[in-house]
Amino acid sequence: MRTRFAPSPTGDLHIGGLRTALFQWAFARANGGQLVLRIEDTDRERYVEGAVEVIAEGLRWLGVDWDEGPGAGGPHAPYVQSERLDRYHAVAAELRARGRAYRCFCSPERLARLRADQRAGGEPGGYDGRCAAIPEAGAEARARTEPSVVRFRMDRAGTTTLDDLVRGRVAFENALQDDFVLLKADGFPTYHLAMLADDHEMEITHVIRAEEWLASAPRHLQLYEAMGWPAPRFAHIPLIVDGAGRKLSKREGDVGVLSFRDRGYLPEAMLNFLAFLGWSLDDRTSHITREEFARVFTLDRVVPNPAAFDVERLDALNGHYIRALPPGRWRELAGEWIERGLPADVPRPLDSALLDALAPLLQERVARLDELPGLVRFLFGEAPEYPAALLAERIGGDAALAARALDAAIAAVEGVAPGEWGPVPVEAALRSLQDALGLKLRKFVSVLYVAVMGAPRGIPLFDSAALLGRERTLARLRAARAKLA
RNA sequence: GGCGCGUUCGUCUAGAGGCCCAGGACGCCGCCCUUUCAAGGCGGAGAUCGCGGGUUCGAAUCCCGCACGCGCUACCA
């Protein structure tokens, strides 16, 4: 079994495109088949330089590898459509020889007018076939001096039926079809022609693509029939939609795959998120490894209805996989993100021992890697800025209590000798405040969190203070106390 | 407008006539644990299965109609 991922190099690899690729890849792997990566760059207007590399990087990030295509080679190279133009022309010529395609000289203006008129008149729409009757010989002569396209002559009788692997049987009334363009005026093929020629030559057996292609399936089916080629099986997988139920678009925030990577999402989290968008294993599995997914994936467990992109779910998954990371790997990752995310004025390299101590404290506190720098920022450079009111925020705004807690804390911390500074003595000192204030630690500890790190939440206080050092801890406690004076 | 697809907790989904007064996950709420926040543990609320008709002893599951949503309707993919 052979399937393919055929993106257009028009910019970032879209999250929806990645999901399609993931399903294609899993299908190929689960069936011992191959995945072909093919670049569909037939639209010169939308071509974006460097997009191919961005797409490949996105796929590699997720662990979607391809057997043939750019970077992998293969018996059907080249895998870039702009380098395969001769084949499309050959197929178009064959179609014309068979009387199934013809030259069309209608101008873009006439076509626009035609569409407008049809719309105004409430008519079906589609090309009206004006050039369909032009004799081949005359058309050839005209084509030498006049711009033209080549259109496919659709069979308008009966119905075209698709047996979709996800949706079952779908029938299309042929009378409603029109003669679509195969070859554009610039000599480039449209998607329909290029897909046909390449899928056939590359021996693709399963075309797995997004639902937006469903409506053009009859064109493809008739094209295969006209060429006398066996058609592949088709599986139209559901769209990924936004909160409003619309096809996910770039306007809905950044949906580029690499931007997710750069915001600190783990590939295993993304894979899980995408895998279960429109597919499921059974009634209880909600996490799956890349390997298992590639083993158990089947198209018959893909649902036909669209799925909403839910960031909260992605974040939850990401947190889950972050916590599941082995300590060593986590230390390495956290170190990179912190090193990279801290302000430029923080001297590098960062203290390795400090990062060693920090890593375990951070692992279960973030959902995304890009949250890391913010959590440890207080350890580097100047004392954090925060409004005085924040000190008493978690204790019902009781500034007097905050002041007493700070006074007691300062005294207690001063009591810890510089030589024995560490998390355990700090904890002992701070716990002694319970007696001094006659309150449970938790009743006032938020004041100290704010004083030390500038926020009532963050990594554990005793460790924070230990890592900060005696003098800086004292300075921050005193600065906090001064804010309340 | 036309054609096509879709419709189960807020979200992703399980469900292919009785196991379902609908299961799991995320989110939400509560409790426990606890130095904050998380994490973790326990518990809870949450879908009359879009609506209306059928078929059947019995329907989320089969049939018909309707509604709504989305997709396509390019010399874009």
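Participant: What's the story with the pattern of salt bridges in this structure? I'm lost.
Facilitator: Where charged atoms from two side chains of opposite charge approach closely, those side chains can pair. The tally for this structure, following the rule as stated, stands at 35 salt bridges. Notably, a salt bridge pairs Arg84 with Glu201, separated by 3.2 Å at the nearest N-O pair. One end of the pair, Arg84, is in the loop between α2 (51–62) and α3 (85–97); the other, Glu201, is in helix α6 (residues 191–201), with 117 residues separating them in the sequence. For Glu201, a relative accessible area of 27% corresponds to the partly exposed category.

Participant: How should I be thinking about the pairing of strand β4 (residues 149–152) in this particular structure?
Facilitator: Side chains on a regular strand alternate between the two faces of the sheet. Neither face of β4 is left uncovered, since the one carrying Val149 and Arg151 and the one carrying Val150 and Phe152 both have all their residues buried. With 4 bridges connecting them, strand β3 (residues 101–104) and β4 associate as antiparallel partners. Among the inter-strand pairings, Tyr102 is bridged to a residue of β4, identified as Arg151. Note: β4 against strand β7 (residues 181–183), 2 bridges, orientation antiparallel. If you follow Arg151 over to β7, its bridge partner there is Val181.

Participant: What is the right way to read unusual backbone geometry from this model?
Facilitator: Glycine aside, residues mostly have negative phi, and peptide bonds are mostly found in the trans state. Of note, the bond from Ala77 into Pro78 is cis; its omega dihedral lies within 30 degrees of zero at 0°. Along the chain, Pro78 falls in the loop between α2 and α3. Put simply, Arg348 and Pro349 share a cis peptide bond, and its omega is -5°. Mapped onto the elements of the fold, Pro349 is located in the loop between α12 (327–341) and α13 (352–362).

Participant: Honestly, the sheet that holds β4 in this entry has me stumped. Any pointers?
Facilitator: Strand pairing in a sheet relies on backbone hydrogen bonds, with the paired strands running either antiparallel or parallel. Sheet architecture is open: 3 strands sit in the order β3-β4-β7, paired in antiparallel fashion. Only two strands of the sheet have a single partner each, and these edge strands are β3 and β7. Averaged over neighbouring strand pairs, the angle between their axes works out to 45° when direction is ignored. Across the sheet, α3 touches β3, β4 and β7, and the angle it forms with β3 is around 105°.

Participant: What is the right way to read the confidence of the model for chain A from this model?
Facilitator: Low-pLDDT stretches of the model should not have their predicted coordinates read in fine detail. With 99% of its residues at a pLDDT of 70 or more, chain A shows a mean pLDDT of 95. Listed scores for the predicted complex are pTM 0.95 and ipTM 0.96.

Participant: Honestly, the packing of α3 against helix α7 (residues 217–227) in this entry has me stumped. Any pointers?
Facilitator: Two packed helices can be described by the angle between their axes and the distance between those axes. For the pair α3 and α7, interaxial distance at closest approach is 10 Å and the crossing angle is 75°. If you check the angle between α3 and α7, you find them roughly perpendicular. Between α3 and α7, the contacting residues are Val91, Glu94 and Leu95 on the first element and Leu223, Ala226 and Met227 on the second. In terms of residue class, the contact of α3 with α7 is built from 5 nonpolar, no polar and 1 charged.

Participant: When you look at the side chain of Ser216 in this model, what are you seeing that I'm missing?
Facilitator: With respect to the helices and strands, the residue Ser216 is situated in the loop between β8 (206–210) and α7. Engagement of the side chain of Ser216 in a polar contact is seen with the side chain of His220, the distance being 3.3 Å.

Participant: It is not clear to me how the packing of aromatic side chains should be interpreted in this structure. Could you clarify?
Facilitator: Describing an aromatic ring pair means giving the distance of the ring centres and the angle of the ring planes. Per the stated rule, a full pass over the model turns up 11 aromatic pairs. With a centroid separation of 5.9 Å and an interplanar angle of 55°, the aromatic rings of Phe260 and Phe309 are classed as tilted. Note that Phe260 is positioned in helix α8 (residues 257–262) and Phe309 in the loop between β11 (307–308) and α11 (311–323), a separation of 49 residues in sequence. Each of the two residues, Phe260 as well as Phe309, counts as buried. Aromatic rings pair up to connect Phe23, Phe276, Trp279, Phe293 and Phe297 into one cluster. Taking NZ or CZ as reference, Arg19 lies 4.9 Å from the ring centre of Phe23, over its face.

Participant: Is there a simple way to explain the pairing of strand β9 (residues 233–237) in this structure?
Facilitator: Taking burial as the measure, the 5 residues of β9 include 4 buried ones, the bulk of the element. Relative to β9, β8 runs parallel, the two being bridged by 5 bridges. Residue pairing for β9: Ala210 is matched across the bridge by Ile237. After leaving β8, the chain enters α7 and then returns to the sheet as β9, a path that is right-handed.

Reading guide: rules and limits
Residues numbered from 1 in each chain as written. Chains lettered and ligands numbered in written order. Predicted model: local features only at pLDDT ≥ 70, side-chain atom pairs only at ≥ 80, totals over all residues. Heavy atoms only, no water. Salt bridge = Lys/Arg side-chain N within 4 Å of Asp/Glu carboxyl O. Helix = DSSP H or I, 4+ residues; strand = E, 2+ residues; numbered from the N terminus. Buried < 20%, exposed > 50% of the residue type's maximum accessible area, 1.4 Å probe, protein only. Pairing = 2+ DSSP bridges. Axes fitted to C-alpha atoms, helices over the stretch in contact; angles between N-to-C directions. Contact = heavy atoms within 4.5 Å. pLDDT = per-residue confidence, 0-100. Parallel < 35°, antiparallel > 145°, perpendicular 65-115°, else oblique. Nonpolar A, V, L, I, M, F, W, Y, C, P; charged D, E, K, R; others polar. Polar contact = N/O pair within 3.5 Å; in protein donor to acceptor, adjacent residues only side chain to side chain. Phe/Tyr/Trp six-rings, centres within 6.5 Å; stacked < 30°, edge-to-face > 60°. Lys NZ or Arg CZ within 6 Å of the ring centre and 35° of its normal. Right-handed = clockwise from strand over helix to strand, strands pointing away.

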